[in-house]
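Fold and contact review
What follows is each chain in one-letter form.
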Amino acid sequence: MKLPVATEWALHCTTSLAQLEAGTTASAADLAEYFDLPAAYLAKQLQALTRAGVLTATTGPRGGFRLGRAPADITLLQIVEAVDGAAAPYECREIRQQGRGALPAAWCRHECTLAVKMAEAHQAWRASLDDVTLADILADIPAAAPARTRKLLGRRGT
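Each chain carries its own residue numbering, running from 1 in the written order of its sequence. Two thresholds apply to this predicted model, a pLDDT of at least 70 for residue-level local features and 80 or more for giving and counting side-chain atom pairs, whereas whole-chain, interface and lining totals are computed over all residues. Hydrogens and water molecules were not included; the side-chain quantities draw on all heavy atoms of the structure.

1. Considering the overall build of the protein
Going along the chain from the N terminus, every DSSP run of H or I of four or more residues is numbered as a helix, and every run of E of two or more is numbered as a strand. Regarding its fold elements, the protein presents seven helices and four strands. Along the chain direction, N to C, the helices and strands of the protein fall in the order α-β-α-α-β-β-α-α-α-α-β. Throughout, radius of gyration means the C-alpha value; the globule benchmark is 2.2 Å times the number of residues raised to the power 0.38. Relative to its length of 158 residues, the protein is extended, with a C-alpha radius of gyration of 20 Å against a globular reference of 15 Å. Relative accessible area decides the class of each residue, using a 1.4 Å probe on protein chains only: under 20% of the type maximum gives buried, over 50% gives exposed, and in between gives partly exposed. Here the protein holds 158 residues, and the buried ones make up 33% of them. Between two residues, a contact is recorded if the distance between any of their heavy atoms is within 4.5 Å. Relative to all contacts within the protein whose residues are 6 or more apart in sequence, the contacts with residues 24 or more apart total 70%. The accessible surface values rely on the Shrake-Rupley method and a 1.4 Å probe; as for residues, cover is taken only from the protein chains in view. Here the protein has roughly 9,700 Å² of accessible surface; of this, 55% comes from carbon and sulfur atoms.

2. Comments concerning the pattern of salt bridges
Salt bridge, as used here: a side-chain nitrogen of Lys or Arg that lies within 4 Å of a carboxyl oxygen of Asp or Glu. One pass over the structure, following the stated rule, counts four salt bridges. Across the pair Arg 93 and Glu 91 runs a salt bridge, and its minimum N-O distance is 3.2 Å. Summarising the burial analysis for this pair, Arg 93 and Glu 91 share the class exposed. Ionic pairing is found between Glu 120 and Lys 117, a salt bridge with its closest N-O pair at 3.5 Å. Highlighted residues: Glu 120 and Lys 117, both in helix H5 (residues 113-130), separated by three residues, approximately one helical turn. Residue Glu 120 is classed as partly exposed on the basis of its relative accessible area of 44%. Lys 117 sits in the partly exposed class, given a relative accessible area of 48%.

3. Some thoughts on the packing of aromatic side chains
Pairing of aromatic side chains requires ring centres within 6.5 Å, counting the rings of Phe and Tyr and the six-membered ring of Trp. Pairs whose planes differ by under 30 degrees are stacked, by over 60 edge-to-face, and all others tilted. Scanning the model with the defined rule gives two aromatic pairs in all. Considering the side-chain rings of Trp 9 and Tyr 41, the 5.3 Å spacing of their centres and the 80° angle between planes classify their relative orientation as edge-to-face. Of this pair, Trp 9 sits in helix H1 (residues 5-18) while Tyr 41 sits in helix H3 (residues 39-51), placing them 32 residues apart in sequence. Relative accessible area serves as the criterion here: at 38%, Tyr 41 is assigned to the partly exposed category. Each ring, one from Tyr 34 and one from Phe 35, has its centre 4.9 Å from the other, and the planes form 85°; the classification is edge-to-face. You can call Tyr 34 partly exposed: its relative accessible area is 22%.

4. Quick word on the packing of H1 against helix H4 (residues 76-84)
Interaxial distance between H1 and H4 falls to 9 Å at its minimum, and their mutual angle equals 135°. Here H4 runs oblique to H1, going by the angle between their axes. Judged by the sense of rotation from one axis to the other, the crossing of H1 with H4 is right-handed. Residue-level inspection shows Ala 6, Thr 7, Ala 10, Leu 11 and Thr 14 of H1 in contact with H4, the latter providing Leu 76, Ile 79, Val 80, Val 83 and Asp 84. Along the lines of polarity and charge, the residues of the contact of H1 with H4 split into seven nonpolar, two polar and one charged. To obtain each axis, a line is fitted to C-alpha atoms, and for helices this fit is confined to the stretch in contact; angles are then taken between N-to-C directions over 0 to 180 degrees. Any angle from 65 to 115 degrees is called roughly perpendicular, while one under 35 is roughly parallel, one over 145 is roughly antiparallel, and all others are oblique. In this scheme the handedness of a crossing depends on how the near helix is turned from the far one: anticlockwise by less than a right angle means left-handed, clockwise means right-handed. The classification used treats Ala, Val, Leu, Ile, Met, Phe, Trp, Tyr, Cys and Pro as nonpolar, Asp, Glu, Lys and Arg as charged, and all other residues, Gly among them, as polar.

This is the structure:
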């Protein structure tokens, strides 16, 4: 499965925002500059994260984005689904019933075995992402990373 590049952006941006001190925000422009990304496209991903409740947004000169919940309450699955949706990546189109090799209808009374196995794999992937929170990610990053992120990114709220 290949996810869109926006997924990587969303995961890194939320991880960076999780490293900021309470009350600190980062604008879309700040995050775009921090990661050398196109600001307009990144802003769309940040808005999707905001709609999903992963982030909150404030306006004004000190406005920007911050986490919408504690890092322990945000899973990687929530981030991925906010920007990519929850649709399964595999869709069986029943080609087993088409063409010169079409199977008899009696052999196709049950769901395609391949579709079942692909759905099981997708559910396992979702479950693994749902088991990892931003707090888990923060526990695995280098100890000096949060201080560096705070120095280079973010604005204090008023």
